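# Fold and contact review
So you can see what is in the structure, the chains are spelled out below.
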Amino acid sequence: MSAHLVMLGPPGAGKGTQAARLANHLGIPAISTGDIFRTHVAEHTGLGVIARRYMEAGEYVPDQITNAMVRDRLARKDALEGFILDGYPRTLEQVEALDGMLKDQDRGLDAVIELVANHDEVVERMLKRAAVQGRMDDTEVVIRRRLEVYAEQTEPLTRVYGERGLLVQVDGMGSVDEVTEHMLAALAE
Ligand code: ADP
């Protein structure tokens, strides 16, 4: 199956976990912009130094920087057969940029999966994760800001993709296995 997929959903909804499982199932790479940024931060690259300032505050890294990074990543050989984008696009400008990148490569999206998650539940999940992983942006204040930014800048994307007939909504609140099952069933429809 040709699969060019996007995973949407608020912070803490389980996008990373589900994207990795789906990627494994379909034999295509999961591409997480958050993970790429975190690698840059850990390696103290120029991009990492810039990205860190935004990530620590729960703000989005500027579109121009993020778009250029994704363009490079999608041009790599392993992404030519398909991909799951986890955490990109997150702004309307990123939607347009992605449209352009895919058009240049003569391809388009097949589906956009929205993991639908309850606000209080995701805050709780992220605070638990903070205790284990110590992510710099998993403090309560920053989590609240990330949810706000998501509501303002990313939630509108569900309408855009809905109008294109690409949106597949999946309840993200079950167990990890249940969510994967629901997602695979929804994609097969
Ligand atoms: P979450 O979905 O839980 O917020 P991610 O790992 O996907 O976690 O993202 C962490 C941070 O990385 C974001 O808060 C943001 O600062 C930055 N980031 C990731 N993806 C993007 C993007 N597409 N555009 C701008 N910033 C991004």
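Structure: see above.
Moving on, we come to the packing of helix α2 (residues 33-42) against helix α4 (residues 63-74). Between α2 and α4, the shortest axis-to-axis distance is 11 Å and the interhelical angle comes to 100°. In terms of orientation, α2 lies roughly perpendicular with respect to α4. Between α2 and α4, the contacting residues are Thr33, Ile36 and Phe37 on the first element and Thr66, Met69, Val70 and Arg73 on the second. Classifying every residue of the contact of α2 with α4 by side-chain character gives 4 nonpolar, 2 polar and 1 charged.

All told, the structure shown has 1 cavity of 30 Å³ or more when counted by the stated rule. Its boundaries defined by the atoms lining it, the largest cavity holds a volume of some 60 Å³. Contributing to the lining of the largest cavity are Met7, Leu8, Gly9, Lys15, Tyr60, Gly87, Tyr88, Pro89, Arg90, Tyr150 and Thr154. Looking at the lining of the largest cavity, the elements with two or more residues in it are β1 (3-8) and α7 (140-154). Class assignment for the residues of the lining of the largest cavity results in 6 nonpolar, 3 polar and 2 charged.

Here is the key point about a regular strand: its side chains alternate between the two faces of the sheet. Of all 6 residues that make up β1, 6 are buried, and the element is covered over most of its length. Both faces of β1 are covered, namely the face carrying Ala3, Leu5 and Met7 and the face carrying His4, Val6 and Leu8. Bridging between β1 and strand β4 (residues 111-116) involves 4 bridges; their strand directions are parallel. Each residue of the ladder has a partner; that of Leu8, found in β4, is Glu114.

Okay, the side chain of Thr66 next. Inspection of the secondary structure assignment puts Thr66 in helix α4. Thr66 sits in the buried class, given a relative accessible area of 4%. Leave out the neighbours within four places in its chain, and Thr66 touches Thr33, Phe37, Val61, Tyr88 and Gln94.

As for its placement among the helices and strands, Ser32 is situated in strand β2 (residues 30-32). Residue Ser32 is classed as buried on the basis of its relative accessible area of 11%. A distance of 2.9 Å separates a polar atom in the side chain of Ser32 from the backbone nitrogen of Asp35.

This part is about the pattern of salt bridges. Under the criterion given, the structure shown has 14 salt bridges. A salt bridge links Asp35 to Arg38; its shortest N-O distance comes to 2.8 Å. Of the two residues, Asp35 and Arg38 are both situated in helix α2; the distance of 3 residues between them amounts to about one turn of the helix. Since its relative accessible area comes to 43%, Asp35 is described here as partly exposed. Between Glu148 and Arg145 there is a salt bridge, with its nearest N and O atoms 2.6 Å apart. Linking Glu148 with Arg145, this pair stays in helix α7, spanning 3 residues, or about one helical turn. A single network of salt bridges, built from pairs that share partners, joins Arg129, Arg135, Asp137, Asp138 and Arg146.

Reading the values: the criteria
Residues numbered from 1 in each chain as written. Predicted model: local features only at pLDDT ≥ 70, side-chain atom pairs only at ≥ 80, totals over all residues. Heavy atoms only, no water. Axes fitted to C-alpha atoms, helices over the stretch in contact; angles between N-to-C directions. Helix = DSSP H or I, 4+ residues; strand = E, 2+ residues; numbered from the N terminus. Parallel < 35°, antiparallel > 145°, perpendicular 65-115°, else oblique. Contact = heavy atoms within 4.5 Å. Nonpolar A, V, L, I, M, F, W, Y, C, P; charged D, E, K, R; others polar. 1 Å grid on protein atoms, 1.4 Å probe; cavity = no way out; pocket = protein on both sides within 12 Å on 5 of 7 lines; lining within 4 Å. Points joined across faces, edges and corners; volume = space filled by probe spheres on them. Buried < 20%, exposed > 50% of the residue type's maximum accessible area, 1.4 Å probe, protein only. Pairing = 2+ DSSP bridges. Polar contact = N/O pair within 3.5 Å; in protein donor to acceptor, adjacent residues only side chain to side chain. Salt bridge = Lys/Arg side-chain N within 4 Å of Asp/Glu carboxyl O.

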